[in-house]
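Chain and residue survey
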Amino acid sequence: MTSVYTMDEPDERNRLDAMAQGVIGKPLDRLEGPLKVSGKATYAAEYRIPNCVEGVLVTATIARGQVTAIDDEAVLQMPGVIAVLSDDRMTARAAQGGAGKSPVRKVRDVQYYGQPVALVVAKTFEQARHAAKHLRIRYREEPDPLVDPEDERATFEPFEDPTVQGDLDQAMDAAAHAVDVVYTTEGHNSAAMEPHASIAEWDGKTLTLHSSLQMLRFNRKELADALGLDADNVRLASPYVGGGFGSKLGISPEGAAASVAAITLKRPVRVVLLRQQVFQCIMRRSETRQRLRLAADAEGRLIGFGHEAWVSNLPEEEFAEPVLQASEFLYPGDDRKLDLEVTRIHRVTAGSVRAPGEAVGMQALEGAMDELALAMEIDPVELRLRNIPERHPTLDIPYSSRKLEECLRKGAERFDWDGADRTPCKKREGDWWIGTGMATATRVHNLNKAEARVTFRADGSVEVASDMTDIGTGTYTVLQQIAAEMLGVDPGRVEVHLGDTDFPPGSGSGGSWGAASTGSAVFQACEGIRSKLAAKLGCAEDELTLKDGHAVTGNRRIAIADLLGDEALTEHARFKPGKITEAFAAAMYGAFFAEVAVNVYSGEVRVRRFTGAFSMGRVLNAKTATSQCMGGMVWGIGSALTEELAFDQRDGHIVNPDLAEYHVPVNLDVPHLDVLLVEERDPAGSPLQAKGVGELGICGAAGAIANAIHHACGVRVRSFPITPDKVLAGLPEV
Amino acid sequence: MKGFDYSRAEAVTHAAEQAREGARLIAGGTNLLDLMKLEIERPDALVDINRLELGGIERTEGGLRIGALVSNSACAADERIRRDYPILARAILAGATFQLRNKATTGGNLCQRTRCYYFYNRDQPCNKREPGTGCGAIGGVNRIHAILGASEACIATYPGDMAVALAALDASVEVSGRDGSARMIPVRAFHRLPGDHPERDNVLEAGEVITAVVLPEPVGGTQIYRKVRDRSSYAFALVSVACVIAMEEGRIGRASLAFGGLAHKPWHDPGVEELLVGNEPSDALFDKAADVLLAEAKGQGANDFKIPMTRRVLKGVLREATGRAV
Ligand SMILES: Cc1cc2nc3c(=O)[nH]c(=O)nc-3n(C[C@H](O)[C@H](O)[C@H](O)COP(=O)(O)OP(=O)(O)OC[C@H]3O[C@@H](n4cnc5c(N)ncnc54)[C@H](O)[C@@H]3O)c2cc1C
Ligand code: SF4
């Protein structure tokens, strides 16, 4: 039987705090860490499966048109080549996160440069790759496809109903201080270390796919839909995922291609994307153009707030970078205008890249806030403190626990922030201008439904199972800690099995919801087990203490194994976010403080110090939470300074589709990252009082760096990434 | 990757013999293998030169002879090089990563190919990769491209750092021909401008093997290698300046400069040196030096910034080298 927890109201019980084992929140090492660093964790492409052959995708070299012919004779003669497939069950795009249905399949209808059009299968990977490079595809090209959002033919349409309250123009006129600025950001790629990879096996009825995916519950339906199979006949396994960052939320083209090949050839087929293909045919974060209008009264309180954004995607995609997500709730202003518009262009699918929305929306907003603080000559921290609204400015609902003020104050103290005088060009060390800047962090809290099964085995050990994935964030460990805490056992006694659709459907990893959602299902299952144990002891569940493998109630203490006898206890639980999601504006908060050096000659920027103070509800594991924040801040550095997908304006191809030319930050770009976790319990966040942490560290980080650059050298760059050429253009003569 | 024959050269003359048309020498492989996987290089034979005895750094009359197989790491760590030619050590360490430098060799480094995005994409036109197909970078994304010495056929840059320092040091490349004859090519004349034949990066003839790089007598002075790049490490130079300057009684006694990131070869302009030598250092002089250097500079749009960047960075380097840092 499945017990269900529908979260309609805040869970004030703080059950985890009432438990006795004392492992929740502890900075435990990731339990699978030793497997990973010793090469024993098997990733999708690494299974040795007898008789397996290798497929390599062939991608389009035009942006728009039709494949008229695939001249495969020559390639079929090449050594080792087994087949060339271009089948309508193959997918031309990656699925959007949570789609649950097949992405666009028509591989011969080319919609973007880099779209998969065929698969070459050969005995070895080298043979397949070589043949793929030589497969001749004929196209009927459509002239002058629209590939650039700046093209004058590009038309933008509202993606959803805009938020319009009062009269923003009037507020801007009436404001004591106003800022009206345009910021831009460029496209990003998730650039996970592990490329997208799948091995498909077909037994005539059931398809098994070893793959690298984030949300199996949805991915199973997506693949089944693409292949025309019943979802029950699709099994997905992703026990280890080498990073996803949104790019593995949905199935990607290699999965369906490997499956089609396995079904057609009746043998296992492995398809691993080349690094260039990871860039060309999965997901990009859309570039954005953002207009920010901030109208403040004489005290610096926002009376008007405008954030409009223009983004792009392929035709038919139901996703637009949700740039305004934080702007909906972060700041006050009765006169408001929030409008997100999208244009349809022929570039690779735009989809979720870590912290969709806030990652780029917040860096622009926080830049504009800095400009407002400067215009008013007040401390930028003070400006933030004066603009913490009482209730959601549009929905008029309360906020759930919000520790923004504490984050701002604690972060400032830790960083030794001096906000009094923000005049640029005051400090110079040798050839470098030195400056500091800050920004607020926020990211909406998401929950997703999730199921998990927990078994208290007769020997007193515990097993947790869910198709939840651990994409390198620490999910295995966090779920282990929740079960260990609830059931009073050492974490080493808890086995966690994830990433297989044979297990109950979890929430998947995405939108920072994984730990809070699947963790709540585990929690619920454990509560069920506790009730059964209490029943055995004849006490109320809340009179039961479980610790170190023993049950204690009143003056009785009994070993769990004895209590269980020979019988294991299993609970299958389902967690569902209910009315709670509408009742509160729930989000994670934080504050960034950065110090940068700007070279007076070259305009190069180096981040020298970077502090982030974050609140995310209950911290389930201080180490993995800190690591998530650090990783987010590294992304912030990339977004601020280096990361940019460069598109050729003529045919829309990505010119820098590899890690040599798409510049993610390297070690030397990243200073010591100082992360401060601010203690919080958010009863509206989840039954665990936890919220999400995976994305918060990015949301605003690049803004702090941009603001520090301005403070250092007086150059305000509103176009991210802030590469040396852009800084240089504003630097004084030398 | 296209299939290829593999052979191991036991002597330089063997290597030269085997290095026929369509064959490639392989040293560290850090550039060649990448290009082969992408099928930008499609040799039908690889001649492995790693067993040749070209792995030492020896003293010559006055200078040093760095064997072609000396790894970039070993070269940069050599005590004599760090003491007498610090600019070379610094330039090498400014390039690539530890792992790559451990594998990369002196000869291979000199011959590394451009990082032009279009050169790297077989589906795009590129006169360097496939003569006659056109140049994708002209009118495309050319932020990293040349501002000096480009042609209508090709606007690529030579991407390396080491060779820029070698050009400033006026080192020579020792080359052995098929008939066993040796010739010396000044580093400054080793790489070519693209002209109508961008497919040729340098002046090596088929069958020629680089056996060493020969450094002249130590020149002393202040030696600076300044590399400007998009991230702190593991990125090629947007602009780099290699500068050796010796002051004599308040005047610039000797000056030797070379530039990376500007052209299809490490850029050396004797006019700049002539202007500097014999003069008292001043900002006005440095500005003039930049004027001379950049007189013919031409941007392609996205790389226009390299002109002011070079000007400013050169000025900073000259200030530092002449002790006029502000
Ligand atoms: C991601 C990345 C970043 C990098 N960043 C930088 C950087 O910032 N700065 C920089 O300077 N370099 C950089 N490099 C390039 C690196 O320095 C070169 O790849 C390396 O020096 C090449 O040396 P190798 O011995 O591996 O050459 P190989 O790859 O073995 O050969 C390269 C070429 O040289 C030829 N060759 C080799 N030896 C000889 C010889 N003795 N005689 C004649 N021809 C020969 C080969 O035939 C081949 O054509 C980077 C490389 C990578 C992959
Ligand atoms: S610049 Fe040179 S290397 Fe680049 S595309 Fe043009 S011809 Fe090819």
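Only a predicted model underlies this, so the values are computations on that prediction, with no experimental measurement involved.

1. Re the overall build of chain A
For chain A, the helix and strand inventory stands at 18 helices and 29 strands. For 734 residues, the compact-globule estimate of 2.2 N^0.38 gives 27 Å, and the C-alpha radius of gyration of chain A, at 26 Å, lies within 12% of that figure. Viewed in the frame of its principal axes, chain A has a C-alpha envelope of about 80 × 75 × 50 Å. Within chain A, the fraction of its 734 residues that count as buried is 65%. Sequence separation of 24 or more characterises 81% of the internal contacts of chain A that already satisfy a separation of 6 or more.

2. Observations concerning the interface of chain A and chain B
The accessible area lost on association of the parts is a frequent measure of interface size. If you look at the interface, chain A gives 43 residues, while chain B gives 40 residues. Together chain A and chain B conceal approximately 3400 Å² of surface at their shared face, both sides included; 50% is due to carbon and sulfur atoms. Sorting the residues of chain A by area buried against chain B places A:K133, A:Y601 and A:V734 first, and these three jointly supply 17% of that buried surface. In this structure, the connection of chain A to chain B is made through two salt bridges. For the salt bridge of B:R226 with A:E604, the shortest nitrogen-to-oxygen distance reads 2.6 Å. Counting the contacts that link chain A with chain B gives 22 residue pairs in polar contact (both at pLDDT 80 or more). Put simply, the parts of the chain that give the side of chain A that touches chain B at least two residues each are α4 (125–134) and α18 (724–728) of chain A. With five residues, the top contributor of residues to the side of chain A that touches chain B is α4(A). Of the residues that constitute the side of chain A that touches chain B, the class distribution is 17 nonpolar, 12 polar and 14 charged.

3. A look at the domain arrangement of chain B
What the domain assignment reports for chain B is domain 1 (5–48) and domain 2 (222–321). A C-alpha centroid distance of 36 Å is found between domain 1 of chain B and domain 2 of chain B.

4. Regarding the nonpolar core
Within the largest apolar cluster, 147 residues are counted, with the highest numbers of intra-cluster contacts made by A:F610, A:I705, B:L257 and B:L276. If we skip the residues at most four places from it in the chain, A:F610 touches A:F592, A:F593, A:A594, A:M633, A:I637, A:P671, A:H672, A:L673, A:D674, A:A701, A:A704 and A:I705. If you look at the next biggest cluster of nonpolar residues, it comprises 54 residues, including A:Y43, A:V454, A:M486 and A:I580.

5. Observations regarding the site of ligand 1
Residues and elements named next belong to chain B. As a structural note, the neighbourhood of ligand 1 is formed by 33 residues, with L25, G29, T30, T105 and D161 the closest of them. G29 has a polar backbone atom sitting 2.6 Å from an oxygen atom of ligand 1. Of all the secondary-structure elements, those providing two or more residues to the shell around ligand 1 are β2 (23–26), α2 (32–37), α7 (106–110) and β8 (209–215). The residue makeup of the shell around ligand 1, split by class, is 16 nonpolar, 12 polar and five charged. Here the shell around ligand 1 spans two domains, since at least three of its residues come from each of domain 1 (5–48) and domain 2 (222–321).

6. Re the environment of A:V605
Residues and elements named next belong to chain A. On the secondary structure map, V605 appears in strand β28 (residues 605–615). For the pair formed by V605 and I705, sequence separation is 100 residues and the distance between their alpha carbons is 9.4 Å. Sequence-distant contacts of V605, defined by excluding residues within four places in its chain, comprise V596, A597, V598, L641, I709 and V727.

7. A look at the packing of aromatic side chains
Residues and elements named next belong to chain A. If you walk through the whole model with that rule in mind, you get 14 aromatic pairs over all chains. Pairing F329 with Y589 gives two aromatic rings, centres 6.4 Å apart and planes at 90 degrees, and the pair type is edge-to-face. Placement of the pair is F329 in the loop between β16 (302–313) and β17 (335–344) and Y589 in strand β27 (residues 587–599), with a sequence separation of 260 residues. Taking the relative accessible area as the measure of exposure, F329 reaches 5% and is therefore buried. Classification of Y589 by relative accessible area gives buried; the value is 2%. With a centroid separation of 6.1 Å and 40 degrees between ring planes, the pair formed by F592 and F610 is classed as tilted. In this pair, F592 is assigned in strand β27 and F610 in strand β28, connecting sequence segments 18 residues apart. Summarising the burial analysis for this pair, F592 and F610 share the class buried. In textbook terms, an aromatic cluster arises when at least three aromatic residues are bridged by ring pairs, as seen for Y43, Y240 and Y476. Positioned over the ring face of W310 is R289, at 4.7 Å from the centre of the ring. Positioned over the ring face of Y399 is R402, at 3.7 Å from the centre of the ring.

8. Here we look at helix α9 (residues 358–376) of chain A
Residues and elements named next belong to chain A. For α9, which comprises 19 residues, the first-to-last C-alpha distance of 25 Å matches the rise-based estimate of 27 Å (1.5 Å per residue) to within 8%. In terms of burial, α9 is a largely internal element, 17 of the 19 residues being buried. With its phi angle positive at about 55 degrees, E377 sits one or two positions after the end of α9.

9. Focus: the domain arrangement of chain A
All names here are of chain A. Domains assigned within chain A are domain 1 (2–41 + 447–582), domain 2 (44–144 + 193–282) and domain 3 (354–445 + 586–728). For domain 1 versus domain 2, the distance between C-alpha centres works out to 36 Å. Residue-level contacts link 24 residues of domain 1 with 20 residues of domain 2. A combined buried area of about 1600 Å² lies between domain 1 and domain 2, and 50% of that area is made up of carbon and sulfur atoms. In this assembly, domain 1 and domain 2 are joined by two salt bridges. With a shortest N-O distance of 2.6 Å, R235 and D500 are connected by a salt bridge. At the junction of domain 1 and domain 2, the tally comes to 11 residue pairs in polar contact (both at pLDDT 80 or more).

10. Describing empty space enclosed by the protein
Under the counting rule described, the total for this entry stands at five cavities of 30 Å³ or more. Space inside the largest cavity adds up to approximately 140 Å³. For the largest cavity, the lining is made up of 13 residues, of which A:E661, B:I144, B:F236, B:A237 and B:L238 are closest to its centre. Its residues assigned to classes, the lining of the largest cavity shows seven nonpolar, three polar and three charged. The calculated volume of the second largest cavity comes to roughly 80 Å³.

Cut-offs used in this document
- Residues numbered from 1 in each chain as written.
- Chains lettered and ligands numbered in written order.
- Predicted model: local features only at pLDDT ≥ 70, side-chain atom pairs only at ≥ 80, totals over all residues.
- Heavy atoms only, no water.
- Helix = DSSP H or I, 4+ residues; strand = E, 2+ residues; numbered from the N terminus.
- Rg over C-alpha atoms; globule rule 2.2 N^0.38 Å.
- Buried < 20%, exposed > 50% of the residue type's maximum accessible area, 1.4 Å probe, protein only.
- Contact = heavy atoms within 4.5 Å.
- Buried area = accessible area lost by both parts, 1.4 Å probe.
- Salt bridge = Lys/Arg side-chain N within 4 Å of Asp/Glu carboxyl O.
- Polar contact = N/O pair within 3.5 Å; in protein donor to acceptor, adjacent residues only side chain to side chain.
- Nonpolar A, V, L, I, M, F, W, Y, C, P; charged D, E, K, R; others polar.
- Domains from an automatic or database assignment.
- Core = buried A, V, L, I, M, F, W, Y, C linked by side-chain atoms within 4.5 Å.
- Near = heavy atom within 4 Å.
- Phe/Tyr/Trp six-rings, centres within 6.5 Å; stacked < 30°, edge-to-face > 60°.
- Lys NZ or Arg CZ within 6 Å of the ring centre and 35° of its normal.
- Expected span 1.5 Å × (residues − 1).
- 1 Å grid on protein atoms, 1.4 Å probe; cavity = no way out; pocket = protein on both sides within 12 Å on 5 of 7 lines; lining within 4 Å.
- Points joined across faces, edges and corners; volume = space filled by probe spheres on them.

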